[in-house]
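# Residue-level structural notes
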Amino acid sequence: MNPSQNPSQNPEQNSSLNLNQNMEPSLRKSRRQFLTTLGKTTAGLAFWSAFWDTRGTGTSTVFGAENASESIANTTGITGLTAGVDPNHLVLLADTHCGPGLKHQLDFFRKTIQEIVAMNPRPAHVLIYGDFAFLFGKKEDYVLLKSLLTPLSEAGIPWTTCMGNHDRRDTFTEVFPEHAEKSLMSDRLVFRVETPSVDFLLLDSLIQYKDTSKWITPGEILPEQRDWLHETLKAQTKPIILGAHHLLNETKIEDIIQAHSCVVGYINGHAHYWKPNVYNGVQALTLPSCGHWGDIGIVNAFLTPKEAKFQLFMRDYLLGNRGPDFEPNPDRQKNIAAKQGATWRLDL
């Protein structure tokens, strides 16, 4: 998605971008300041206290993760926990927009990675729904991301990303060859992530400019990938959730989804806001940005044999092309309060 919604300067139409607005100092808060800023009401403070509950260990536990694992064990008799990993818990991110020299984007991403590693039990996988790099999919962006993701690797938590309009396949492949080689297609980066109850298929909707100093905002699933998807779903016996960086109104695969009962939903990034939706009869979810602008947060996916539950942790709300310090931001508290802890459910 474009990094600015300023109508006087839209870099989706003009790739000349004033980067200074994306390099404002991040807003660093102590636990108490964070609670006070983001939750004025008693209910809000209760939520944040639960989220930041240290359990006496000195590390934070992400809200809902422990309870979800206990609930799965109590209702199904299956814990599935192996060496501190919950195979029924995934973390979903989108629109990380990371690159050298940035401030709040990197601060949010570092904090997110730290929190994921501190989860107890750890999630089985992290899914990233595109716009991994900042704007142009530069090599230095991916090199930096490789470093930022080191804590996940050291903790044994795998991650998978799909391509967004600010990514580049060739550069990603150069920096992350071990990930690219897992692609299910030779000319696109398409990945499957399996869990005990449901599979996740991350498609490639990137339309890549030859000019490395430009990007194309709209996305598309081209005919060859459509044909591959149709044939792949014919052999699918387990519930599956499709996804890509772009929304269904751009990927236009709802006809394929409706032709295969194994597909239970669709997930995308790109728009930088949390929004469950039904598009042409398909259950769909748009994810928040991990730390660029708009809704800022992560989504925890808790899976059982009967249901996939997705819960939002809303970290902040930032105006387009503005950092956390920018004021006035009159909708900040309202948006956080309205969406905090929101859920989206799919029957499996």
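Residues numbered from 1 in each chain as written. Predicted model: local features only at pLDDT ≥ 70, side-chain atom pairs only at ≥ 80, totals over all residues. Heavy atoms only, no water.

### Things to note about the overall build of the protein chain
- The helix and strand inventory of the protein chain stands at 12 helices and 12 strands.
- A buried classification covers 55% of the 348 residues belonging to the protein chain.
- Taking all contacts inside the protein chain whose residues are at least 6 apart in sequence as the whole, residues at least 24 apart take part in 68%.
- With an accessible surface of roughly 14,500 Å², the protein chain has 51% of that area assigned to carbon and sulfur atoms. (Helix = DSSP H or I, 4+ residues; strand = E, 2+ residues; numbered from the N terminus. Buried < 20%, exposed > 50% of the residue type's maximum accessible area, 1.4 Å probe, protein only. Contact = heavy atoms within 4.5 Å. Areas by Shrake-Rupley, 256 points an atom, 1.4 Å probe, with all protein chains shown as cover.)

### Some words on unusual backbone geometry
- Along the chain, Asn-120 connects to Pro-121 via a cis peptide bond; the corresponding omega equals 0°.
- Its location among the elements puts Pro-121 in the loop between helix 4 (104-118) and strand 2 (122-128).
- The backbone phi angle of His-97 is positive, close to 50°, even though this residue is not glycine.
- Along the chain, the position of His-97 falls in the loop between strand 1 (85-93) and helix 4.

### Side note on the packing of aromatic side chains
- Summed over the entire model, instances satisfying the criterion amount to 10 aromatic pairs.
- Ring geometry for Phe-132 versus Tyr-142: centroids 6.4 Å apart, planes at 45°, classification tilted. Here Tyr-142 lies in helix 5 (residues 139-148) and Phe-132 lies in the loop between strand 2 and helix 5, a separation of 10 residues in the sequence. In terms of burial, Phe-132 and Tyr-142 fall into one category: buried.
- When the centroid spacing of 5.8 Å and the interplanar angle of 80° are considered together, the rings of Tyr-142 and Phe-172 count as edge-to-face. In this pair, Tyr-142 sits in helix 5 while Phe-172 sits in helix 7 (residues 169-175), placing the two residues 30 residues apart along the sequence.
- For Phe-172, a relative accessible area of 1% gives the class buried.
- Among the aromatic side chains, those forming a connected cluster through ring pairs are Phe-132, Tyr-142, Trp-159, Phe-172 and Phe-176.
- Against the face of Phe-326 rests Arg-322, its NZ or CZ located 4.2 Å from the ring centre. (Phe/Tyr/Trp six-rings, centres within 6.5 Å; stacked < 30°, edge-to-face > 60°. Lys NZ or Arg CZ within 6 Å of the ring centre and 35° of its normal.)

### So, the confidence of the model for the protein chain
- A residue-level look at the protein chain finds 76% of positions with pLDDT of 70 or above and a mean pLDDT of 82.
- Here residues 1-80 is modelled with pLDDT under 50, and outside its nearest four sequence neighbours on either side it reaches 153 contacts, counting other chains as well. (pLDDT = per-residue confidence, 0-100.)

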